[in-house]
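Structural characterization, general
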Amino acid sequence: MEHLSLFVDNFIALSAEASPWLLLGLLIAGLMKAWVPSEILSKHLGKGKSAIVKAALIGAPLPLCSCGVIPVAAELRRSGASAPATASFLVATPETGIDSVSVSYALLGPVFAIYRPFAAIMSAIITGLLVSTIKDKDIKSPTTGHQKITSCCASSTKKTPQKATSSCCSTKQAAPIATPKKSSCCSTPSSAAITLDTMTEPAQPLLSKNFVEKTKQGVYYASTQLIDDIIIWLVVGLVFATIVRTFLPEDFLLSYGSGLPAMLLMIAISIPMYICATASTPIAAGFIMAGLSPGTALVFMMAGPATNISTLGVIKNEMGSAVLIRYLLGVALSALGFALLLDYSLNFFDVNITDQMAHSHEMLPLWFGLTCAALITFLAIKPLRKLVF
């Protein structure tokens, strides 16, 4: 009974810790779906090595944890981002952020505050390059779910055969002014009846109305289809993380000391664990103060946020097993490589991390996390959700 009670307490604590960032990620993904044209994402995060670098640089400053990044990355993939760019974004975003850099400076000193984001961006690029070695036929096509084709020129409609000769992009047969609801995004000015007179006063109210409508669509998408697509893996990931936290004491690693064996063990423990970059920092500080090397603590701060059961499940679902294998390989090799480099550099330049460390930190209040967890639970239960949506 004692273990069961501890398990429940840890599950509630982890849910409260993850939920605010998950809600933020869902909101960003929904607004991105509504406001950012897929053509832009396809152009900048499509194929090519530059897309991998761009995804890493875009994701690095975002304050999203390993659960919050899942809906954003899934929407990036569905909007046209390539698998290597999506993998790069998935690594860079949870491993570092503006919030985690400031906490790293406060708790671990300037060396970690500089080295940690550098290692995160480089590991994201390395992982993206590894994924780019997969042939296109071995990468699973992005899940489209219930999304409809939104391009006005995607296909011709069959509901009006009497106007078969007129295309949505045609200039000869524009839609009548009396039926503005059928106006196309790529129609000519005549079909929309755009004149200097009509652009003066109605323009601002129309823009405001479009803003509200698109925002509502984005929130609705995030609160329904997107949360339905990822909720199972989120629950599975939280359960695995709770098991690790409940039955694996933090002093377990200290018995293995430092060096490569401790780093390998840290990776094995971090993969199923849920931990965000900011929350991992005080734990890593505790590891260093207890005797682990800074490099071993860095492995925890890199592999922990970048990999958890929820993230791995979504990667397999959205991009396939081949991408998942290279994703894990990229994260593990990068964490080990930059950890060994950090320990070697600190010894070479005779830098003592413990002299730079402070001891105070503050996380989000528990009541706020529990409120966010309750909201996510409400949205995940369809009968309850239908009362609102």
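Definitions and limits used
- Residues numbered from 1 in each chain as written.
- Predicted model: local features only at pLDDT ≥ 70, side-chain atom pairs only at ≥ 80, totals over all residues.
- Heavy atoms only, no water.
- Helix = DSSP H or I, 4+ residues; strand = E, 2+ residues; numbered from the N terminus.
- Contact = heavy atoms within 4.5 Å.
- Areas by Shrake-Rupley, 256 points an atom, 1.4 Å probe, with all protein chains shown as cover.
- Core = buried A, V, L, I, M, F, W, Y, C linked by side-chain atoms within 4.5 Å.
- Buried < 20%, exposed > 50% of the residue type's maximum accessible area, 1.4 Å probe, protein only.
- Expected span 1.5 Å × (residues − 1).
- Polar contact = N/O pair within 3.5 Å; in protein donor to acceptor, adjacent residues only side chain to side chain.
- Salt bridge = Lys/Arg side-chain N within 4 Å of Asp/Glu carboxyl O.
- Axes fitted to C-alpha atoms, helices over the stretch in contact; angles between N-to-C directions.
- Left-handed = near helix turned anticlockwise from the far one by under 90°.
- Nonpolar A, V, L, I, M, F, W, Y, C, P; charged D, E, K, R; others polar.
- Phe/Tyr/Trp six-rings, centres within 6.5 Å; stacked < 30°, edge-to-face > 60°.
- 1 Å grid on protein atoms, 1.4 Å probe; cavity = no way out; pocket = protein on both sides within 12 Å on 5 of 7 lines; lining within 4 Å.
- Points joined across faces, edges and corners; volume = space filled by probe spheres on them.
- pLDDT = per-residue confidence, 0-100.
- Patch = residues over 30% accessible without salt bridge, like charges linked within 9 Å, V, L, I, M, F, W, Y side chains within 5 Å.

Examining the overall build of the protein chain
For the protein chain, the helix and strand inventory stands at 16 helices and zero strands. The contacts in the protein chain between residues at least 6 apart in sequence include a share of 84% that link residues at least 24 apart. Of the roughly 20200 Å² of accessible surface on the protein chain, a fraction of 67% belongs to carbon and sulfur atoms.

Concerning the nonpolar core
Among the nonpolar cores identified, the biggest contains 58 residues, and Leu-26, Tyr-274, Val-323 and Tyr-327 are the most heavily contacted of them. Ranked by the residues each element gives to this core, the list is headed by helix H9 (residues 203-247), at nine residues. Sequence-distant contacts of Leu-26, defined by excluding residues within four places in its chain, comprise Pro-71, Ala-222, Leu-226, Ile-227 and Ile-230. Counting 34 residues, the second-largest nonpolar core is a separate cluster that includes Phe-112, Val-244, Met-302 and Ile-353.

Topic: the side chain of Thr-246
Take Thr-246: it is sitting in helix H9. Classification of Thr-246 by relative accessible area gives buried; the value is 10%. Ignoring any residue separated from it by four or fewer positions in sequence, one finds Thr-246 in contact with His-3, Leu-6, Phe-7 and Asn-10.

With respect to helix H5 (residues 83-95)
For H5, built from 13 residues, the straight-helix expectation of 18 Å at 1.5 Å per residue is met to within 8% by its first-to-last C-alpha distance of 19 Å. With 13 of 13 residues buried, H5 lies mostly within the body of the structure. The N-cap residue of H5 is Ser-82: its side-chain oxygen and the backbone nitrogen of Ala-85 are 3.3 Å apart.

What about the side chain of Thr-93?
Examined against the element boundaries, Thr-93 turns out to sit in helix H5. Exposure remark for Thr-93: the relative accessible area of 0% places this residue in the buried category. At a separation of 2.8 Å, a polar atom in the side chain of Thr-93 contacts the main-chain carbonyl oxygen of Phe-89.

Regarding the pattern of salt bridges
Applying the stated criterion to the full structure yields three salt bridges. Its salt-bridge partner being Asp-228, residue Arg-385 comes within 2.9 Å of it at the nearest N-O pair. Of this pair, Arg-385 sits in helix H16 (residues 382-385) while Asp-228 is found in helix H9, placing the two residues 157 residues apart along the sequence. The exposure class of Arg-385 is buried, given its relative accessible area of 8%.

Thoughts on the packing of helix H3 (residues 49-59) against helix H7 (residues 110-131)
H7 packs onto H3 with a crossing angle of 145° between their chain directions and a minimal axis gap of 9 Å. The crossing of H3 and H7 is right-handed. Each of Lys-49, Ile-52, Val-53, Ala-56 and Leu-57 in H3 lies in contact with H7, whose residues at this interface are Ile-121, Ala-124, Ile-125, Gly-128 and Leu-129. For the contact of H3 with H7, the residue count by class is eight nonpolar, one polar and one charged.

Section: the packing of aromatic side chains
Scanning the model with the defined rule gives eight aromatic pairs in all. Relative to Phe-338, the ring of Phe-118 lies with its centre 6.1 Å away and its plane at 90°, an arrangement referred to as edge-to-face. A residue pair is termed long-range when its members are at least 10 positions apart, and Phe-118 in helix H7 and Phe-338 in helix H14 (residues 321-348) qualify at 220 residues. Taken together, the aromatic side chains of Tyr-115, Phe-118 and Phe-338 make up a single cluster linked through ring pairs.

Looking at empty space enclosed by the protein
By the definition in use, this model includes three cavities of 30 Å³ or more. When its volume is computed, the second largest cavity comes out at roughly 50 Å³. In terms of lining residues, the second largest cavity is bounded by Ala-73, Ala-74, Arg-77, Thr-86, Leu-90, Thr-311, Val-314, Ile-315, Glu-318 and Met-319. Elements with a minimum of two residues in the lining of the second largest cavity: helix H4 (69-78), H5 and helix H13 (309-319). Tallying contributions element by element places H13 first for the lining of the second largest cavity, with five residues.

Re the environment of Gly-320
Examined against the element boundaries, Gly-320 turns out to sit in the loop between H13 and H14. Look at Gly-320 and you get buried, because its relative accessible area is 9%. Sequence separation between Gly-320 and Ser-141 is 179 residues, and the spatial gap between their C-alpha atoms is 8.4 Å. Sequence-distant contacts of Gly-320, defined by excluding residues within four places in its chain, comprise Lys-140 and Ile-315.

A look at the confidence of the model for the protein chain
Considering every residue of the protein chain, the mean pLDDT works out to 78; 78% of them sit at 70 or more. Taken element by element, the protein chain is modelled with least confidence in helix H8 (residues 189-192), mean pLDDT 40, and with most confidence in H14, mean pLDDT 96. Segment residues 145-204: pLDDT under 50, and 33 contacts once partners within four positions in sequence are set aside and those in other chains are kept.

Details of a nonpolar patch on the surface
Together, Leu-27, Val-219, Tyr-220, Ile-381, Leu-384, Leu-387, Val-388 and Phe-389 make up an exposed nonpolar region whose accessible area comes to about 720 Å². Along the chain, Leu-387 falls in the segment after H16.

Focus on the packing of H7 against H14
Look at H7 against H14: their axes get within 9 Å of each other, and the N-to-C directions meet at 145°. Handedness of the H7/H14 crossing: right-handed. Note on element contacts: H14 touches H7 through Val-323, Arg-326, Tyr-327, Leu-329, Gly-330, Val-331, Ser-334, Phe-338, Leu-341, Leu-342 and Leu-346, opposite Val-111, Phe-112, Tyr-115, Phe-118, Ala-119, Met-122, Ser-123, Ile-126, Thr-127, Leu-130 and Val-131. For the contact of H7 with H14, the per-class residue count stands at 17 nonpolar, four polar and one charged.

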